[in-house]
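Structural description and commentary
The primary structure of each chain is shown beneath.
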Amino acid sequence: HITDYIDLADQLDGNVDQAISIELERSGKKISFSVVVTDLFNVTPESYLTFGGAIINNLSYQQARHYNRKLEGAYIADPGYIFSRSGIPTGSVILEADGIAIRNLDDLELLISSLSDGKQMNVRYVRYSDPINEVLRSIEVDHKWFMSERCSLSKEDGFWPCRKIEEKNKFPRIQKKQSTKLIDYLDTRKNKISASLVHVNFDLPYPLAGIMEKHYYGTGVVVDNEKGLVIVDRNTVPISMGDVKLTFAGSLQIPARVEYIHPIHNIVLLSYDVDLIGNTPVQSAEFNVEKIDEGDEIWLFGLKSDHQLYTQKTNVSSIDPLMLPPSLSFRDTNIEVINLTNAPDEIVGVLSDENGRIRAMWTSFSYRSRGESYQMNRGINAELISDFIDSFEKEESLRSLELELNYIPLFAARKLGLNDDWISRFESQKETKQRMLVVKNVIAGSPMSNEIKSGDIILTINGSLIGSYRDYEVAIQEKNPRLEIWRDKERIEVSASTSELNGNSIDEAIFWAGAHIHKPHRALNQRGIESKGVYVAFNNYGSPATRYGLSAGLSIIEVDDTPISNLADFKESVRSKKFNDTIKLATLSWNGSKNVITMKLNNRYWPAYEIKKNGYEWNRSVIE
């Protein structure tokens, strides 16, 4: 007779893998039956598989009870990069892949090893929130960004040694050439604009450069259909490391490449292979670079989430300086943006005139405030976009004085001591808004950091009065412009030296002890942090980096008392470190505070590797 849990447990534990007879009472009737006692060790996962950044194990007995399903399938403990791209959540159970039943990890490993990088695989699964109804999604097999391994418990020492899952069939990624048709609208303006719009998807495998989100989408504009060039905003493609996809007419999707990321403004240039879209009637956008004024009538065009064309007739409500809070990720500066009347929050695209010529890009700006991420939509005028494209095609370098500027009204300039003669000169300009440019911040480490001070008023560059952000940006596109500034109630002449900026963004990263490490990015300098050592962009939960306090936002400036100047120095300094070795790191925080961290390494579970850009390709290699 069983009267408590202890007796029940003793009976079960004493008859593992054997049949026992059970007698119970149900609705006043005695029922007898026989059941085999299962060994819980045999139905507890002792192995896991890493694939595309995901972690997968056999469905456990406990989870099977929650799902009310039999003990079959592969449980997604962490969707990682590969499954989150397709919206497959944590806690999903894979039942089938490419029509093959997945009963356990062995079935899934066999299938993964047979698929080459970039191959599409259809996955059928159930979710924890709805374990009855199955869902079918397509994923893209990834062997590029992450290593595929099978790790199993060793009962001898309690470790989980891993073995690499080898690709049995390695084939280069080949994109099939296809064509599609565009929708024929009655409105000729719609036809003209829609032929230039593409839907852009960007997937980021690793959090880097202050960017935490992994998946982005937006609307791009074809600016050269012969060369395959597309403009999009930096809230859609924040950095160059990642996978870019372009979708034409909601029907044809092809890969794209990041050509150039504007280091100052919210624009990115992408490229695609024009042969891949066959005879698809894509057209280059036509720009209208005439000045936009408040009150102008304008048409907003964009693509909705279902890839359908959105259009709205509206007006320019205002043109204002963009003011975003300080951040450790990209932040646009020195730009005036366009505001619209009753513009939708979820649509980005272009602003056109009545003839379908683009007067501005309607873009999404990302920013952080009080630890939260936000975004807002504003317009960037066509003149800036057009000049950027011309400079890229002519291979002209982009130069900057690395100053962050603000507008101040003329009365405020008078209070700072500016004399009446200069006030009159600015008032007599053909187009005046009764304001001037003042230096808000000098970017740390720039050539002008010791020459220009916050509060300096910009008077002229190369003899021409500077009355706007655009005037300033055009005037400094040479190596040594001559500046006149007003400081402490007197005019000062400065022989300036501009910095040459590039559009490479982050082109190399090291993943060590669970930390994501790369060269310091420009956003740090904007915060006044001088570039030193290497930057920690992220740390993985449970890693040595997390345990010992190597947090995101720190810069590593020394390893075991050896100064670190760049990634090459850091890689050499950690290359010889082994499992359980102790290492001392000198770090620098965003406010200049220096600290020392002592870490114990765990190369067994957190091996070091690097990802580096080579042309358009990204290569992953282990740091031995």
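Summarised in this report is the structure supplied together with it. (Residues numbered from 1 in each chain as written. Predicted model: local features only at pLDDT ≥ 70, side-chain atom pairs only at ≥ 80, totals over all residues. Heavy atoms only, no water.)

One broad trend across soluble globular proteins is that nonpolar side chains are buried collectively. Tyr206, Met241, Leu246, Leu270 and Tyr272 are the most contacted members of the largest nonpolar core, which has 42 residues in total. A total of 5 residues in this core trace back to one element, the largest contributor, which is strand β16 (residues 252-261). Aside from chain neighbours lying at most four places away, what touches leucine 270 is Val200, Gly228, Leu229, Val230, Val232, Val237, Val244, Leu246, Arg257, Val258 and Glu259. (Core = buried A, V, L, I, M, F, W, Y, C linked by side-chain atoms within 4.5 Å. Buried < 20%, exposed > 50% of the residue type's maximum accessible area, 1.4 Å probe, protein only. Helix = DSSP H or I, 4+ residues; strand = E, 2+ residues; numbered from the N terminus. Contact = heavy atoms within 4.5 Å.)

All right, on to the pairing of strand β32 (residues 508-512) then. Here β32 lies mainly inside the structure; 5 of its 5 residues are buried. Two strands pair when backbone bridges link them, and β32 and strand β39 (residues 609-614) are joined in this way by 4 bridges, in the antiparallel orientation. Following the sheet pairing, alanine 509 is matched in β39 by isoleucine 611. The loop that links β32 with its antiparallel partner strand β33 (residues 515-518) comprises 2 residues; one of these, alanine 513, has a positive phi angle of about 55°. (Pairing = 2+ DSSP bridges.)

Let's shift gears to helix α4 (residues 105-113). Helical geometry: 3.6 residues make up each α-helical turn, so side chains three or four residues apart lie on a common side. Of all 9 residues in α4, 7 are buried; the element is thus mostly enclosed. All of the buried residues in α4 are Leu105, Asp107, Leu108, Glu109, Leu111, Ile112 and Ser113. Its side-chain oxygen 3.1 Å from the backbone nitrogen of aspartate 106, asparagine 104 forms the N-cap of α4. (Polar contact = N/O pair within 3.5 Å; in protein donor to acceptor, adjacent residues only side chain to side chain.)

With that settled, the discussion passes to the pattern of salt bridges. The full count for this structure, using the stated rule, is 38 salt bridges. Arginine 85 is the salt-bridge partner of glutamate 140, the closest N and O atoms lying 4.0 Å from each other. Here glutamate 140, found in strand β9 (residues 130-140), pairs with arginine 85, found in the loop between α3 (80-84) and β6 (93-97); they are 55 residues apart in sequence, far enough to count as distant. For glutamate 140, a relative accessible area of 11% corresponds to the buried category. Measuring nitrogen to oxygen at the nearest pair gives 3.7 Å for the salt bridge that ties lysine 594 to glutamate 558. With lysine 594 in strand β38 (residues 594-600) and glutamate 558 in strand β35 (residues 555-559), the pair connects residues that are 36 residues apart, well separated along the chain. Classification of lysine 594 as exposed rests on a relative accessible area of 51%. Look at the salt bridges and you will find they share partners, linking Arg85, Glu140, Lys144, Asp203, Asp243 and Lys245 into a network. (Salt bridge = Lys/Arg side-chain N within 4 Å of Asp/Glu carboxyl O.)

According to the stated counting rule, one finds 1 disulfide in the structure shown. The disulfide bridge from cysteine 151 ends at cysteine 162, spanning 2.0 Å between sulfur atoms. Taking the torsion about the S-S bond as the criterion, the cysteine 151 to cysteine 162 disulfide, at about 105°, is right-handed. Linking cysteine 151 in strand β10 (residues 149-152) with cysteine 162 in strand β11 (residues 162-164), this pair joins segments that are 11 residues apart in sequence. (Disulfide = S-S within 2.5 Å.)

This next bit is on the packing of aromatic side chains. Counted by the stated rule, this structure contains 16 aromatic pairs. Plain terms: the ring middles of phenylalanine 248 and tyrosine 272 are 5.4 Å apart, the flat faces sit at 65° to each other, and that makes the pair edge-to-face. Taken together, the positions of phenylalanine 248 in strand β15 (residues 243-248) and tyrosine 272 in the loop between β17 (268-271) and β18 (297-303) put the pair 24 residues apart, joining distant regions of the chain. Across this residue pair, the class does not change: phenylalanine 248 and tyrosine 272 are buried. These aromatic residues form a ring-pair network of at least three members: Tyr81, Phe146, Tyr206, Phe511 and Tyr609. (Phe/Tyr/Trp six-rings, centres within 6.5 Å; stacked < 30°, edge-to-face > 60°.)

Right, let's talk about the sheet that holds β16 for a bit. Spatially, 6 strands are ordered β12-β13-β14-β17-β16-β15 in a closed barrel, and the strand pairing comes out antiparallel. Each strand axis lies, on average, 40° off the axis of its neighbour in the sheet, ignoring direction. Where strand β13 (residues 215-224) meets strand β14 (residues 229-232), 3 bridges bridge the pair, whose relative direction is antiparallel. Following the sheet pairing, valine 222 is matched in β14 by valine 230. Lying over the sheet, helix α6 (residues 382-393) contacts β13, β14, β16 and β17, oriented at roughly 140° with respect to β14. (Axes fitted to C-alpha atoms, helices over the stretch in contact; angles between N-to-C directions.)

You can see glutamate 383 is positioned in helix α6. Classification of glutamate 383 as partly exposed rests on a relative accessible area of 33%. As a C-alpha pair, glutamate 383 and glutamate 290 span 93 residues in sequence and 7.6 Å in three-dimensional space. With residues near it in sequence (within four places) discarded, glutamate 383 still touches Val289 and Arg470.

Turning to the environment of histidine 521, a few remarks are in order. If you trace the backbone, histidine 521 turns up in the loop between β33 and α10 (522-526). Considering only alpha carbons, one finds histidine 521 and tryptophan 299, 222 residues apart in sequence, at a separation of 37 Å. Discounting residues that sit within four places of it in the chain, histidine 521 has contacts with Ala209, Gly210, Leu328, Ile506 and Tyr535.

Another point: a nonpolar patch on the surface. Together, Ile2, Tyr5, Leu8 and Leu12 make up an exposed nonpolar region whose accessible area comes to about 430 Å². Position of leucine 8 among the secondary structure elements: in helix α1 (residues 5-13). (Patch = residues over 30% accessible without salt bridge, like charges linked within 9 Å, V, L, I, M, F, W, Y side chains within 5 Å. Areas by Shrake-Rupley, 256 points an atom, 1.4 Å probe, with all protein chains shown as cover.)

Here we come to the pairing of strand β4 (residues 54-58). If a strand is regular, its side chains alternate between the two faces of the sheet. As defined by bridge partners, strand β3 (residues 47-51) adjoins β4 across 4 bridges and the pair is classed as antiparallel. The residue of β4 that forms the bridge with phenylalanine 51 is alanine 54. The antiparallel hairpin formed by β3 and β4 contains 2 residues in its connecting segment, where glycine 52 sits at a positive phi of about 60°. Bridge count between β4 and strand β5 (residues 74-78): 4 bridges; the pairing is antiparallel. Across the sheet, the residue bridging to isoleucine 56 is isoleucine 76, located in β5.

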